[in-house]
Structure formats: C-alpha cells, structure tokens
Amino acid sequence: MKIENLSDLRVLVLTARGGTLTAAAQALQITPAAASATLKRLEAQLGVRLFERSTRVMRLTPQGQVMLDYANRAFDLLAEGTAQVADDRAALVGTLRVAAPSDLARTVLQPWIAEFLQDHPGVRLDLRVGDRPLDVLRDEVDVAIRYGALADSRLVARLLAHANPVLCAAPAYLQRHPAPAVPADLACHNCITFRRAGRRNRVWRFARDGHWTEVRVDGDRSVDDAGLAREWAVAGHGVVLKSAIDVQADIAAGRLVPLLPDWQTEAYPLHALLPSGRFVPARVRALVDFLARRFAPADPAGPGVRPRMQRAGRSA
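Residues numbered from 1 in each chain as written. Predicted model: local features only at pLDDT ≥ 70, side-chain atom pairs only at ≥ 80, totals over all residues. Heavy atoms only, no water.

### A look at the overall build of the protein chain
- Looking only at helices and strands, the protein chain features nine helices and 17 strands.
- By the burial criterion, 43% of the 316 residues in the protein chain qualify as buried.
- Sequence-distant contacts in the protein chain: of pairs separated by 6 or more residues, those separated by 24 or more amount to 73%.
- A total accessible area of about 16,500 Å² is found for the protein chain, and carbon and sulfur atoms account for 52% of it. (Helix = DSSP H or I, 4+ residues; strand = E, 2+ residues; numbered from the N terminus. Buried < 20%, exposed > 50% of the residue type's maximum accessible area, 1.4 Å probe, protein only. Contact = heavy atoms within 4.5 Å. Areas by Shrake-Rupley, 256 points an atom, 1.4 Å probe, with all protein chains shown as cover.)

The following block contains the structure:
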C-alpha cells in the first residue's frame, strides 16, 4: 500500500470539507471527472473505500475519517516546514490539538491560550475539555494537560507545576457551619466529592508535623466534572478539596475561604504529555514552552527544578 502522489490527498480533504466532489474540483480548479478519477486512484492505492457515495453528498467511511485526520496533519506539517525553511523567523502555522481538564481549561488556560493564539494568528486550536482520562495516542492529541502521577512509557512528560490541593468553602456555607478545626471535623460537613475513572474519592489525606491522617468524607453532591464541583462550592453547597491552581482566583476574590491552613495536603504534578515516538511540530513545542513560563511563577517548587522532557513513568 503506497500513496504515489501526495497531492491526491487534497481531493480527500477538500471533498470532506465541501461535501461533494464538485466542491473539491472547484477548489482545485479541475473538472469533477478529474477529481473523481483522483479519488478512485487514491482508494485503489489504499485498498479501501474512503467515502460512501450518494447522489447528493459524500460521507466519509471510518477508514476515510482516519485517513482524513492524518492527511490534515501531513499538510499542517508541510506548511509549517515550508514556512520554517523559507524564513527562520517564520510564523507558526497549523492546528493545535489540545486536551485539558475542565476546570483548569476554564479558569486558567482559557486566557493564556487566547494570548498564545493572538501572538500566533496562523495557529488554529482544537481544544478537547473534560476530566475523563484521554488516550493521547488513540485520540490523536498533540498535547494533553493532565494532573497526577504518570505511568505510560509511550508518552513524554513536561512538568508544568506542582498542584497543592486546598480545602475551602464559600463564606455563605461557613455562616451556616463552623469551620473545621481539625480534619476529623469534616465528618460533620457536607463535602463535595469528585469521581475519577468512575470511582468516588471519599478519602482525603492531611498531614501536620510529618504525621498523616485520613478522613472519610461524605456529602449530598458528587460529580465527575471538576469545574462543576468548584461552582457548587462557590455557591455555598459544601466543602471542596481542589487544586490551588483551579481555585486561586476564587480565593483572591473572596468567593472561597481556605480551611485548615496549618495542615498539609498531598501535592500532585501537572504535566504536559506528548507521544514519545511522534515528531513534535514547532507550534506544539512553542505552546508547551509558553505554558511552562506561565505556570512557573505560581509553582512553589520554582522553575529551576523543572525538567525539560522525560518519559512518563519516571519520577518528575
């Protein structure tokens, strides 16, 4: 199986974009018959049907969708490479496929990425927001921003920050319920819990003077969307244990109040993840470097201890 002419892929891309061979032919300034012949040649070379044909519209087959995704990537890389060769100061171009946790995307990343896109108008963003762990390789993501320890050796990790969870609640909630003095007091509070991989996290850990204690918490609200958990806390519905990165703006504005300030919580890393065996385009490297600079001032570990890139599964 071999694609003999890379330009044949443009018929695939433009047909998918316009919905018809006629639209692709018009974009390429060729006849519909020539566009049809090109598509048939491409399907013959691949040994699969790329489109289900009807009298009105062309619909991608599952194999066609896979090929379209790779074709778009190929043309993005070619455009970027051409720009870089033509001018060392060339602007970044192409699509950035980014996955990020819901609350982090809304509270922190959104304005930063807007700034990045403004600085690089040739870059397009495909942002996938959610707290479900994403398969970076299977889902064809350029970079995934993810909390927690990592074990997948097929990925390369760039440490962006150390996330320290903060126990907090809204002033309205604390008017109705006395603030906890020790972690054990949380048993008497309505705690907003978070689900990861379908499991509800009801055990919260705290330490003081080097001694750790676990508290089993409960409440009337549990959710798999970290952004909604924060919004519930701000609305006064309960106590939440959230990354300081996610709640820093709410604390600064007085919407949330930190609790148990003399107690330590378990820190966990925030990484940028990239597939280890894939060429990393300049636009992806630029975004990761940009985010690392933005996170650095807020990271108590400081930028001096931040590694560049390393395999996931090794200590970060």
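### Some points on the pairing of strand β16 (residues 268-275)
- Along β16, seven of the eight residues are buried, which leaves the element largely enclosed by surrounding structure.
- The sheet contact formed by strand β5 (residues 143-147) and β16 spans four bridges and is antiparallel. Across the sheet, the residue bridging to A144 is L273, located in β16.
- In this structure, strand β6 (residues 155-163) lies alongside β16, joined through eight bridges in antiparallel fashion. Bridging across to β16, H162 finds its partner in P269. (Pairing = 2+ DSSP bridges.)

### Observations regarding the confidence of the model for the protein chain
- Of all residues in the protein chain, 81% have pLDDT values of 70 or greater, and the mean over the chain is 82.
- Below pLDDT 50 for its whole length, residues 300-316 participates in 41 contacts with residues either more than four positions away or in separate chains. (pLDDT = per-residue confidence, 0-100.)

### Regarding the sheet that holds strand β10 (residues 203-208)
- The three strands are arranged β11-β10-β15 in an open sheet whose pairing can be described as antiparallel. Single-partner strands in this sheet number two, and they are β11 (211-216) and β15 (264-265).
- Taken together, the two bridges between β10 and β15 define a ladder with antiparallel strand orientation. Each bridged residue has a counterpart across the sheet, and for F206 the counterpart in β15 is T265.

### A few points about the nonpolar core
- Judged by nonpolar contacts, the single largest core of 30 residues is most densely connected at L104, L109, V143, I145, I245, L291 and F295.
- Contributing elements (two or more residues each) for this core: β3 (94-100), α5 (102-119), β5, β6, β16 and α9 (282-295).
- Looking at which element gives the most residues to this core, the answer is α9, with eight residues.
- Every residue in contact with I245, bar those within four places of it in the chain, is listed here: L104, V108, Y147, A161, A163, L270 and F295.
- Judged by nonpolar contacts, the second largest core, of 16 residues, contains L21, A25, L39 and L50. (Core = buried A, V, L, I, M, F, W, Y, C linked by side-chain atoms within 4.5 Å.)

### Side note on the pattern of salt bridges
- All told, the structure shown has 14 salt bridges when counted by the stated rule.
- The partner of R205 in a salt bridge is E214, with the nearest N and O atoms 3.4 Å apart.
- Here R205 falls in the partly exposed class, since its relative accessible area comes to 26%.
- We classify E214 as exposed; its relative accessible area is 54%.
- A salt bridge links R221 to D220; the nearest nitrogen and oxygen atoms lie 3.7 Å apart.
- On the basis of relative accessibility, which here comes to 58%, the residue D220 falls in the exposed class. (Salt bridge = Lys/Arg side-chain N within 4 Å of Asp/Glu carboxyl O.)

### Considerations on the packing of aromatic side chains
- A full pass over the atoms with the stated rule returns three aromatic pairs.
- Taking 4.9 Å as the distance between ring centres and 85 degrees as the angle between the ring planes, the aromatic pair formed by W112 and F295 counts as edge-to-face. Note that W112 is positioned in helix α5 and F295 in helix α9, a separation of 183 residues in sequence. No difference in accessibility class separates W112 from F295, as the two residues are buried.
- Judged by centre distance (5.5 Å) and plane angle (85 degrees), the rings of Y147 and Y268 are edge-to-face. You can see Y147 sitting in strand β5 and its partner Y268 sitting in strand β16, a full 121 residues away along the chain.
- Judged by relative accessible area, which is 18%, Y147 ranks as buried. (Phe/Tyr/Trp six-rings, centres within 6.5 Å; stacked < 30°, edge-to-face > 60°.)

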